[in-house]
Amino acid sequence: MATTVQVDIVSAESEIFSGPAEMVFAPAVMGEVGILPRHAPLLTHLKPGEVRVRKEDGEEEAFYVSGGILEVQPHVVITVLSDTAVRAKDIDEAAALEAKQRAEQALEDQGSEFEYAQAGRELAEAVAQLHALQRLRKKVGR
Amino acid sequence: MAVGKEIRTKIKSVKNTQKITRAMEMVAASKMRRAQEKMQATRPYSNKMRSVVSHLAHAHPEYQHPYMQQRDVKRVGVIVVSSDRGLCGGLNTNLLRATVVDMKEWNDANIKINICTVGKKAGSFFSRFGGNVVADISGLGDRPEVADIIGAVKVMLDAFDKGEIDALHLVYNEFVNTMTQNPNNLQLLPIQAESEKELEHHWDYMYEPEAKEVLDALLMRYIESLVYQGIVENLACEQAARMVAMKSASDNAGDIITDLQRVYNKARQAAITQEISEIVGGAAAIQ
């Protein structure tokens with residue numbers, strides 16, 4: 001039996017694969033890498049593509065990852081930290097902008113709420129003045 | 001018989017309320033189970049992530065990432081995770097109270113605060129309470145996705161990169177069990193090295209293409225995964241708290257119904273007794 005390496009493929013939302021393998025192929029940003037047992041410790045960035053795991057029985061299983069990180073530890077463990085979302089710099093930017101805008105909008109809403117309170121107070125004052133005036137008028141009329 | 005019409009109407013309305021709270025309790029119970037499963041599902045990723053990052057913290061790469069360097073704290077970023085909906089007992093209140101206590105401490109130490117809110121409750125609280133809210137995520141629903149939080153986390157990380165904030169904290173409810181949820185304040189940045197037990201296996205990685213690029217990508221995901229986990233955990237807390245709150249509401253409604261029923265029976269009996277004594281009295285007068 002060939003030596004094997006423990007492979008874990010996980011994403012932030014779930015565990016995808018865990019088990020022994022003879023070899024792992026992954027789409028690193030610098031080109032596809034194939035990793036055998038006893039590979040040197042490695043940390044690399046993955047681009048979207050296919051991670052293939054050749055299992056003990058020689059069968060290959062493929063998983064699609066939309067990017068992520070591949071880690072090789074010296075004690076025969078390979079970890080693929082897969083992304084769940086398609087990442088691109090401009091998409092991230094847009095999302096960040098949106099989050100900011102929502103916060104600003106919330107602040108603006110607060111402004112309008114405040115005006116409500118102020119308007120309410122002014123109205124109450126005006127009503128009180130009106131009452132006082134009416135009372136005065138009655139007294140004078142008498 | 002026209003006795004106690006008001007009481008009967010009241011009993012009926014309380015019964016209707018009880019039906020609603022009981023339904024909400026059951027919905028929350030099933031959602032809680034799903035949220036707990038989701039919470040379990042995120043564990044492997046964040047455990048792996050944590051082990052990689054703790055190796056990194058102990059390794060000495062040629063490049064020291066800013067996320068790992070301690071700085072003088074002048075301004076701090078806080079991500080406050082709350083629920084979108086109410087009717088979940090004191091969950092959000094307790095969390096926000098704990099947050100305000102922490103914020104007061106920072107204020108006393110003359111540290112300024114940038115806030116990022118997650119969930120409508122935190123958003124509306126800080127718009128009333130005041131505070132420098134720089135980002136907001138709401139409407140995550142029952143199945144939050146990592147993609148939903150990337151933007152807001154990026155706002156905070158960018159602020160850290162630019163030196164606008166010198167530390168980043170995450171405030172969320174920690175799920176202890178169905179009855180207990182505790183507000184928890186976790187420091188995300190700078191990254192604190194985990195326990196030293198891994199130190200015996202001490203090595204450095206090869207980085208491809210370059211240490212900086214890989215570490216940037218890795219640490220960004222690390223922070224995101226922590227925030228995501230906090231949100232998922234808070235969701236489980238929300239459902240658990242709602243289930244407990246709705247259970248006690250249903251029980252209280254039951255008590256009220258029993259009391260009202262008793263008052264109603266008494267009034268009915270008194271009316272019957274009165275009628276009989278009137279008839280008897282009338283008959284006696286005729287004889």
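Higher on the page you've got the structure.
To keep things clear, this report deals only with the structure shown in the data block. Worth saying up front: this structure is predicted, and the values here are computed from it rather than measured.

Moving on, we come to the pairing of strand β5 (residues 181–189) of chain B. Residue and element names in this part refer to chain B. In terms of strand pairing, strand β4 (residues 167–175) meets β5 through eight bridges, oriented antiparallel. In the sheet register, Phe175 faces β5, and the bridge partner there is Gln181. In sequence, β4 turns back onto β5 through a hairpin of five residues.

What follows covers the interface of chain A and chain B. Contacts between the two partners involve 44 residues from chain A and, on the opposite side, 42 residues from chain B. Each partner contributes to the roughly 3600 Å² buried at the junction of chain A and chain B, and carbon and sulfur atoms together form 65% of this total. Where chain A packs against chain B, one counts one salt bridge. One salt bridge in this structure joins A:Asp8 and B:Lys48, with 2.8 Å as the shortest N-O distance. On the surface where chain A and chain B come into contact, there are three residue pairs in polar contact (both at pLDDT 80 or more). Breaking the side of chain A that touches chain B down by element, the ones donating at least two residues are β1 (5–11), β5 (42–54), β6 (60–73), β7 (77–82) and α1 (89–141) of chain A. Top contributing element to the side of chain A that touches chain B by residue count: α1(A), with 12 residues. Residues belonging to the side of chain A that touches chain B are distributed by class as follows: 21 nonpolar, 12 polar and 11 charged. When β5(A) meets strand β6 (residues 206–208) of chain B, the two strands line up parallel, connected through three bridges. Considered in β6(B), the bridge of A:Leu42 is made with B:Met206.

The rules behind each value
Residues numbered from 1 in each chain as written. Chains lettered and ligands numbered in written order. Predicted model: local features only at pLDDT ≥ 70, side-chain atom pairs only at ≥ 80, totals over all residues. Heavy atoms only, no water. Pairing = 2+ DSSP bridges. Helix = DSSP H or I, 4+ residues; strand = E, 2+ residues; numbered from the N terminus. Contact = heavy atoms within 4.5 Å. Buried area = accessible area lost by both parts, 1.4 Å probe. Salt bridge = Lys/Arg side-chain N within 4 Å of Asp/Glu carboxyl O. Polar contact = N/O pair within 3.5 Å; in protein donor to acceptor, adjacent residues only side chain to side chain. Nonpolar A, V, L, I, M, F, W, Y, C, P; charged D, E, K, R; others polar.

The analysis is restricted to geometry; functional conclusions fall outside its scope.
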